[in-house]
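# Inside the fold
For reference, the chains in residue letters:
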Amino acid sequence: MPLDERDPTQSEAEAALDTLRAWANRASDEDISALDPRLRRLIPGLPDPAYPDLSATYPADFAPDEAYKRSMPDLQNGPASLIRGARAPIQHVGISNFRLPVRFRNREGGDTTLQASVTGTVSLDADKKGINMSRIMRSFYQHAEKLFSVKVIEAALDDYKADLESFDARIQMRFSFPMKVDSLRSGLSGWQYYDIALELVDQGGVRRQFLHLDYVYSSTCPCSLELSEHARSGRGQLATPHSQRSVARISVEVVAGQVLWFEDLIDLCRRAVPTETQVMVKREDEQAFAELNAANPIFVEDAARLFCEAMRSDSRIGDFRVVASHQESLHSHDAVSVLTQGPTFQSESLDPKLFSTLIHVG
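The notes below deal with the structure included here. (Residues numbered from 1 in each chain as written. Predicted model: local features only at pLDDT ≥ 70, side-chain atom pairs only at ≥ 80, totals over all residues. Heavy atoms only, no water.)

### A short note on the overall build of the protein
The criterion, for reference: A run of DSSP states H or I qualifies as a helix once it reaches four residues; a run of E qualifies as a strand once it reaches two. Both are numbered from the N-terminal end. The globule rule used for comparison is 2.2 Å times the number of residues to the exponent 0.38, while the radius of gyration itself is calculated over C-alpha atoms. Categorising residues by exposure relies on relative accessible area from a 1.4 Å probe, with only protein chains included: less than 20% of the type maximum marks a residue as buried, more than 50% marks it as exposed, and the intermediate range marks it as partly exposed. The contact criterion used throughout is that any non-hydrogen atoms of two residues lie within 4.5 Å. Residue-level accessible areas treat just the shown protein chains as cover; the underlying method is Shrake-Rupley with a 1.4 Å probe.
Helices and strands together make up the secondary structure of the protein, namely nine helices and eight strands. A globule of 362 residues ought to have a C-alpha radius of gyration of about 21 Å, yet the protein, at 33 Å, is considerably larger. Along the three orthogonal principal directions, the C-alpha set of the protein runs to about 115 × 50 × 40 Å. Across the 362 residues of the protein, 37% fall into the buried class. The contacts in the protein between residues at least 6 apart in sequence include a share of 64% that link residues at least 24 apart. As displayed, the protein offers around 22,000 Å² of accessible surface, 51% of which is attributable to carbon and sulfur atoms.

### A few points about the sheet that holds strand β5 (residues 206-220)
Quick note on the threshold: Strand pairing follows a simple DSSP-based rule, namely that at least 2 bridges must link the two strands. Each axis is a line fitted through C-alpha atoms, and for a helix only the stretch in contact is used; angles between axes span 0 to 180 degrees, taken between their N-to-C directions.
Taken together, the eight strands give an open sheet; going across it, the order is β1-β2-β3-β4-β5-β6-β7-β8, and neighbouring strands pair in antiparallel fashion. Sheet topology places β1 (90-105) and β8 (335-341) at the edges, where each strand pairs with a single neighbour. Here the average twist between neighbouring strands, direction ignored, is 15°. Looking at chain direction, strand β3 (residues 169-182) and strand β4 (residues 189-203) are connected through 14 bridges and run antiparallel. The residue bridging V181 from the neighbouring strand is G190, located in β4. Helix-sheet contacts for helix α5 (residues 149-163) involve β1, β2 (111-124), β3, β4 and β5, and the interaxial angle to β3 is about 170°. Set on the sheet, helix α7 (residues 262-272) makes contact with β1, β3, β4, β5, β6 (243-254) and β7 (317-326); between it and β3 the angle comes to about 60°.

### Digging into helix α4 (residues 133-144)
Here is the rule we go by: Expected helix span is given by 1.5 Å per residue-to-residue step, counting one fewer step than there are residues. This arc is built from the directions going out from the helix axis to the C-beta atoms.
Helix length check: α4 (twelve residues) gives 18 Å between terminal C-alpha atoms against 16 Å at 1.5 Å per residue, within 8%. Every buried residue belonging to α4 is among I136, S139, F140, H143 and A144, and all of these are buried. Projected onto a plane normal to the axis of α4, the buried residues spread over an arc of 110° and lie on a single side. If you follow the buried residues of α4, they end up packed against β1, β2, α5 and β3.

### Looking at the nonpolar core
Nonpolar side chains tend toward joint burial in soluble globular proteins. Heads up, the rule is: As used in this record, nonpolar core signifies buried Ala, Val, Leu, Ile, Met, Phe, Trp, Tyr and Cys residues forming a set joined through side-chain atoms within 4.5 Å.
Core analysis: the biggest nonpolar cluster contains 60 residues, and F140, M173, Y217, I250, V252, F307 and M311 have the highest contact counts within it. In contact with F307, other than residues within four places in its own chain, are Y215, Y217, A248, I250, C269, A272, V273 and V322. The next biggest cluster of nonpolar side chains, apart from the first, holds five residues, and it includes V216, V247, V323 and L354.

### Some points on the pattern of salt bridges
Heads up, the rule is: By salt bridge we mean one thing: a side-chain nitrogen of Lys or Arg within 4 Å of a carboxyl oxygen of Asp or Glu.
A complete count under the given rule lists 17 salt bridges for this structure. When the shortest N-O distance is used, the salt bridge between E66 and K69 registers 3.2 Å. Placement of both E66 and K69 in helix α3 (residues 66-71) is noted, with a separation of three residues, approximately one turn of the helix. For K69, a relative accessible area of 42% puts it in the partly exposed group. Its salt-bridge partner being R107, residue E108 comes within 3.8 Å of it at the nearest N-O pair. A residue is classified by how much of its surface remains accessible, and E108, at 63% relative accessible area, is exposed. Through salt bridges with shared partners, one network takes in R107, E108, D264, D267, R270, E276, D314 and R316.

### Remarks on the packing of aromatic side chains
Under the convention used in this document: Pairs were defined over the aromatic rings of Phe, Tyr and Trp, the Trp ring being its six-membered one, requiring ring centres within 6.5 Å. Orientation was assigned from the angle between planes: stacked under 30 degrees, edge-to-face over 60, tilted for the rest. Consider the ring centre and the ring normal. A charge sits over the ring if Lys NZ or Arg CZ is within 6 Å of that centre and within 35 degrees of that normal.
Summed over all chains, the structure comprises ten aromatic pairs. Centre to centre, the rings of F104 and F175 are 4.1 Å apart; their planes meet at 45°, and the pair counts as tilted. Of this pair, F104 sits in strand β1 while F175 sits in strand β3, and the two are 71 residues apart along the sequence. We classify F104 as buried; its relative accessible area is 1%. Here the aromatic rings of F175 and F262 are separated by 5.3 Å at their centres, their planes lie at 50°, and the arrangement is tilted. One end of the pair, F175, is in strand β3; the other, F262, is in helix α7, and 87 residues separate them in sequence. Taken as a pair, F175 and F262 share a single burial class, namely buried. Counting every residue linked through ring pairs, the aromatic cluster contains F104, F175, F177 and F262. It is R103 that lies over the ring of F148; its NZ or CZ is 4.4 Å from the centre.

### Concerning a nonpolar patch on the surface
Note the following rule: Nonpolar side chains (Val, Leu, Ile, Met, Phe, Trp, Tyr) are joined into patches within 5 Å and like charges within 9 Å, using only residues with over 30% relative accessible area and no salt bridge.
A contiguous nonpolar patch, built from F62, Y68 and M72 and spanning about 320 Å² of accessible area, is present on the exposed surface. The topology assignment puts Y68 in helix α3.

### So, the packing of α4 against α5
To be explicit about the condition: Should the near helix be turned anticlockwise from the far one by less than a right angle, the crossing is left-handed, and should it be turned clockwise, the crossing is right-handed. The nonpolar class holds Ala, Val, Leu, Ile, Met, Phe, Trp, Tyr, Cys and Pro. Asp, Glu, Lys and Arg form the charged class, and all remaining residues, Gly among them, are polar.
Interaxial distance between α4 and α5 falls to 9 Å at its minimum, and their mutual angle equals 145°. Pair α4 / α5 crosses with right-handed handedness. The segment α4 lies against α5, with R135, I136, S139, F140, Q142, H143 and A144 engaging V152, A155, A156, D159, Y160 and D163. Its residues placed into classes, the contact of α4 with α5 shows seven nonpolar, three polar and three charged.

### Regarding unusual backbone geometry
If you check the backbone angles, N97 has positive phi at about 65° while not being a glycine. Judged by its relative accessible area of 35%, N97 is partly exposed.

What follows is the structure, given as structure tokens:
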């Protein structure tokens, strides 16, 4: 029976392999590739194209020149043919929680350097594959050491639109802003830290500035206060009203050409709801805080309207939103409210985790 009509024996296969190896040792690379490139895996000493002999040592002294850099692939800036999924425009694409120190100016004319968390995004046309994320970070580093907070954002925004060729751009910086706060009666003072976000949006060539502030306060339930007093006066029964740590997230648009200091927004909130949580407390301060709460009992609906009244009173504030959360000590759930003025912050849908982000652990 001819060999091609039966299974070769072990010895015949070994002899055939020896013949191939002997031929390959004399053949050129072109001859081997023309016959079958997979032969390289069978010939000892020949490099396997699937497993090239690569260096595993980091080349610390390697310095790429301009020609080498130009030769490097850049997939994000590749042609539209590389787009995966729907060829649709993206409203926001960029980076989140990029951290760096930024100088902030205070109302008194001084300045302080704070660690800021940056979110920077741009719009992306439907026919563009992607953006170069590192350009966003480079823009901030370029300006952060010589400019103050708002100017840093403005300069970075200019770079965004020029470097990334985008129509719309948005930058937000989050930080913890310190203010010295006096105690109510003891004369002590301490640092209160406020979660603040400064946001600049450039849409269709129009720039708008926003401030976001989380204001933490104590809310005493008016109903619980009345019921406690009823028990005291009617039955001689000691009772205490329930109060709880509460948070209002105030978001405001600053009217174009106006300056609204962080301290100004904080002062507006204090005037609206004066029961801000305290930093330094002695016995006389604790008693004063109890009296202050009793003088300002509020439901969550009251809080939203009081903050609204304060925002309306300042001509530097345009559209705004108040999100309030009273994290109940009576109930196992929170009481919440949302109040908006103007179209900017209106929404038919709420972020499912909006209220859970209002919990401040101190």
